Amino acid sequence: MKRGKVQKSSQPREAEVATERVQGVSIQLVKRTTQLIADRVEDALSGTGITPEQWRVLIHLYEHRGCTMSELATAASLTGPTLTRVVDQLTASALAYRNVDRMDRRRVLAYLSSRGHSLVRKLHPRVLEAEAEAVAVLSSTDARELNRILGRIAIASGVLDANGRTSGVSPK
């Protein structure tokens, strides 16, 4: 499922034409770009036994110790049933585990195991490289600006809090 390298172009005419067609943001362009990046990450994970859905859960647990299932579902952009299946798979592989919340025994928190931490540390450089390749046509300044703009949209919509952390709002 390897895809060709992103070609640098002095005149990204197709992108210009696509964005000129509509006032504001081209949802189709955003969707296709998102899919390009997702495909690159999937390629980076191929052969590891980790799916992109599992990766999103693993990386969030790596960055946030002890998450409720609803927080994790929002952060990983997964439905409740899909998240349950993914966490079950990670638990069966000894990459994650669940514990009852000591402060509220009605809640169950998911954690990354030490084996899960090791796997994330091993795979994270691959995933970062895949993401970087997908946006290689951008200068470092443009890449930072893109992240700033996307972060601003996410914060304004409530998907991220003011510190850039996942909020409880589920993207629709």
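The rules we used
- Residues numbered from 1 in each chain as written.
- Predicted model: local features only at pLDDT ≥ 70, side-chain atom pairs only at ≥ 80, totals over all residues.
- Heavy atoms only, no water.
- Phe/Tyr/Trp six-rings, centres within 6.5 Å; stacked < 30°, edge-to-face > 60°.
- Helix = DSSP H or I, 4+ residues; strand = E, 2+ residues; numbered from the N terminus.
- Buried < 20%, exposed > 50% of the residue type's maximum accessible area, 1.4 Å probe, protein only.
- Salt bridge = Lys/Arg side-chain N within 4 Å of Asp/Glu carboxyl O.
- Pairing = 2+ DSSP bridges.
- Core = buried A, V, L, I, M, F, W, Y, C linked by side-chain atoms within 4.5 Å.
- Contact = heavy atoms within 4.5 Å.
- Patch = residues over 30% accessible without salt bridge, like charges linked within 9 Å, V, L, I, M, F, W, Y side chains within 5 Å.
- Areas by Shrake-Rupley, 256 points an atom, 1.4 Å probe, with all protein chains shown as cover.
- Axes fitted to C-alpha atoms, helices over the stretch in contact; angles between N-to-C directions.
- Parallel < 35°, antiparallel > 145°, perpendicular 65-115°, else oblique.
- Left-handed = near helix turned anticlockwise from the far one by under 90°.
- Nonpolar A, V, L, I, M, F, W, Y, C, P; charged D, E, K, R; others polar.

**Q** I'd love a proper account of the packing of aromatic side chains, names of residues and values included.
**A** Tallied over the full model, the rule gives one aromatic pair. Aromatic side chains tyrosine 97 and tyrosine 111 sit 5.3 Å apart centroid to centroid with 15° between the ring planes, which places their arrangement in the stacked category. Note that tyrosine 97 is positioned in strand 2 (residues 96-100) and tyrosine 111 in strand 3 (residues 108-112), a separation of 14 residues in sequence. Here tyrosine 97 falls in the partly exposed class, since its relative accessible area comes to 31%. Residue classification places tyrosine 111 among the buried residues on the basis of a relative accessible area of 15%.

**Q** So what's going on with the pattern of salt bridges? Residues and values would help.
**A** In this structure the tally under the stated criterion is four salt bridges. Residues aspartate 88 and arginine 98 are paired through a salt bridge, measuring 2.7 Å at the closest nitrogen-oxygen approach. Note that aspartate 88 is positioned in helix 5 (residues 80-92) and arginine 98 in strand 2, a separation of ten residues in sequence. The class for arginine 98 is partly exposed, based on a relative accessible area of 30%.

**Q** Lay out the sheet that holds strand 2 with the relevant residues and their values.
**A** If you walk across this open sheet you meet the three strands as 1-3-2, and the pairing is antiparallel. Across the chains shown, the open sheet's two edge strands, defined by having one partner strand only, are strand 1 (67-68) and strand 2.

**Q** Lay out the nonpolar core with the relevant residues and their values.
**A** Within the largest apolar cluster, 25 residues are counted, with the highest numbers of intra-cluster contacts made by Ile50, Trp55, Val57, Leu58, Leu61 and Leu72. Secondary structure elements with two or more residues in this core: helix 2 (27-45), helix 3 (52-63), helix 4 (69-76), helix 5, strand 3 and helix 6 (114-134). Looking at which element gives the most residues to this core, the answer is helix 3, with five residues. What leucine 61 contacts, discounting residues up to four positions off in sequence, is Cys67, Leu72, Ala96, Ala110, Tyr111 and Leu112.

**Q** Can you tell me about a nonpolar patch on the surface, naming the residues and giving the values?
**A** A contiguous nonpolar patch, built from Leu146, Ile149, Leu150 and Ile153 and spanning about 340 Å² of accessible area, is present on the exposed surface. Turning to its location among the elements, isoleucine 149 is positioned in helix 7 (residues 140-157). Judged by its relative accessible area of 36%, isoleucine 149 falls in the partly exposed class.

**Q** Give a detailed account of the packing of helix 3 against helix 6, specifying residues and quantitative values.
**A** The N-to-C vectors of helix 3 and helix 6 enclose an angle of 115°; their axes lie 10 Å apart at closest approach. With respect to each other, helix 3 and helix 6 are oriented roughly perpendicular. When the axes of helix 3 and helix 6 are compared, the crossing they make is left-handed. Residue-level contacts link Trp55, Leu58, Ile59 and Tyr62 of helix 3 to His117, Leu119, Val120, Arg121, Leu123, His124 and Val127 of helix 6. Residue composition of the contact of helix 3 with helix 6, grouped by class: eight nonpolar, two polar and one charged.

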